[in-house]
Amino acid sequence: MKTLLLCLLALFSIQSMAQAPLKIAVAGLSHGHVGWIFNRSDKKDIEIVGIYETNPDLVNLFMTKYKLDKKLFFTDLNKMLEEAKPEAVSAFGAINEHIAIVRACAPKKIHVMVEKPLATTFADAKEIQKLADQNGIQVLTNYETSWYASNQHVRDLVEQGKLGEIRKVMVNDGHQGPKEIGVSKEFLAILTDPVKNGAGALVDFGCYGANLMTWLLKGERPLSVTAVTHQNKPDIYKEVDDEATIILQYPKAQCVIQGSWNWSFARKDMEVFGNKGYAVAVSPTTVRQRLAEKTPEETIKLDPRPAPFTDPFSVLADVVQGRLKLEKNDLYGLPVNVTVVEILETAKESAKSGKTVYLKK
């Protein structure tokens, strides 16, 4: 009887541990997407144990808006990591600060999730990958388009051979402009800083296409990158581009990425053309497709992706706690996202020189 009781207690303990919320800390409050983590009270898979932010105005704003305990806030990143003891950190500051977050977290075996893209330089991206490998941590990069059932459906068509070999991909992302849509002054300051953000629309929205194309081609790097950038609104965006077109050339395929702060309306859509058919991810849950020459185009309405895939923090919790294992070339994963940063850096080089840049093997 005693043995049975001990076994039951052990089993209960294991189940409790498996269901315990992931202890997570927030690094930065200036990114426009940070509100996501505070607006999920219906989910209990994470527990916020610390918040790092040096701007007192942002601290007061978030403390009031979300009724947060003042004890959660720290102005020193390392002190927060030592005292709050998070299992993971979600970064919501400038893109160029991601490397500092990983440098602080990796030796402590603390996992990290950043907002897209992974880094502003290829050197930083490679260092992040090295730190993650050396310390056995996960570093995820969150893209809204990773949540889209439509993109998954298109990829499934590719995997099933229904589109044939990919020949042409067009990815269109952007909106009217960050100032035009009313982002916060703190987020606008990041997006319009060529150091903090890496570039303007080229990085802010060009990264989506690089992420999706690298995923579709299972991690393959392009042969060359050609990019053109422009300032259509130099009075608003003095230091960065607001218009970017990037062409990725592969041995048998081409990808055209259009990242813009000049669209009439917000958009995030992808067109994939193979030598047998095509599919267009029109919205998160809508796909237009034509799979054979003599068949008409059809519109497919999809259900949203199942849990945890519509919530990046649920994905992070499931990955860290072992309930979810990412594919080698997952949209969130390091292999794909290091290549994304290489593509973006090469695109900036091409735009600056006015020439096509060929990637080293």
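An unreviewed UniProt entry annotates the protein as Gfo/Idh/MocA family oxidoreductase of Dyadobacter chenhuakuii.

Please explain the packing of helix α5 (residues 98–105) against helix α6 (residues 122–135) as it appears in this structure.
Helix-helix packing: each pair is described by the crossing angle between the helix axes and the interaxial distance. Two elements in contact, α5 and α6, have axes separated by 10 Å at closest approach and are oriented at 15°. The orientation of α5 with respect to α6, classified from their angle, is roughly parallel. When the axes of α5 and α6 are compared, the crossing they make is left-handed. Residues His 98, Ile 99, Val 102 and Arg 103 of α5 form the contact with α6, whose participating residues are Asp 124, Glu 127, Ile 128 and Leu 131. Classifying every residue of the contact of α5 with α6 by side-chain character gives 4 nonpolar, 1 polar and 3 charged.

It is not clear to me how the packing of aromatic side chains should be interpreted in this structure. Could you clarify?
The geometry of an aromatic ring pair is captured by two quantities: the separation of the ring centres and the angle between the planes. Counting across every chain of the model gives 9 aromatic pairs. Note on Phe 92 and Phe 313: the rings are 6.3 Å apart at their centroids and 45° apart in plane angle, and the pair reads as tilted. On the criterion of sequence distance, the pair formed by Phe 92 in the loop between β4 (88–91) and α5 and Phe 313 in helix α12 (residues 312–320) is long-range, its members being 221 residues apart. The exposure class assigned to Phe 92 is buried, which follows from its relative accessible area of 0%. The structure contains a cluster of three or more aromatic residues connected by ring pairs, namely Phe 38, Phe 62 and Tyr 66. Positioned above the aromatic ring of Phe 205 is the side chain of Lys 116, whose terminal nitrogen or guanidinium carbon lies 5.4 Å from the ring centre. The ring of Phe 309 has Arg 305 lying over it, and the distance from NZ or CZ to the ring centre is 4.0 Å.

Procedures and definitions
- Residues numbered from 1 in each chain as written.
- Predicted model: local features only at pLDDT ≥ 70, side-chain atom pairs only at ≥ 80, totals over all residues.
- Heavy atoms only, no water.
- Axes fitted to C-alpha atoms, helices over the stretch in contact; angles between N-to-C directions.
- Helix = DSSP H or I, 4+ residues; strand = E, 2+ residues; numbered from the N terminus.
- Parallel < 35°, antiparallel > 145°, perpendicular 65-115°, else oblique.
- Left-handed = near helix turned anticlockwise from the far one by under 90°.
- Contact = heavy atoms within 4.5 Å.
- Nonpolar A, V, L, I, M, F, W, Y, C, P; charged D, E, K, R; others polar.
- Phe/Tyr/Trp six-rings, centres within 6.5 Å; stacked < 30°, edge-to-face > 60°.
- Buried < 20%, exposed > 50% of the residue type's maximum accessible area, 1.4 Å probe, protein only.
- Lys NZ or Arg CZ within 6 Å of the ring centre and 35° of its normal.

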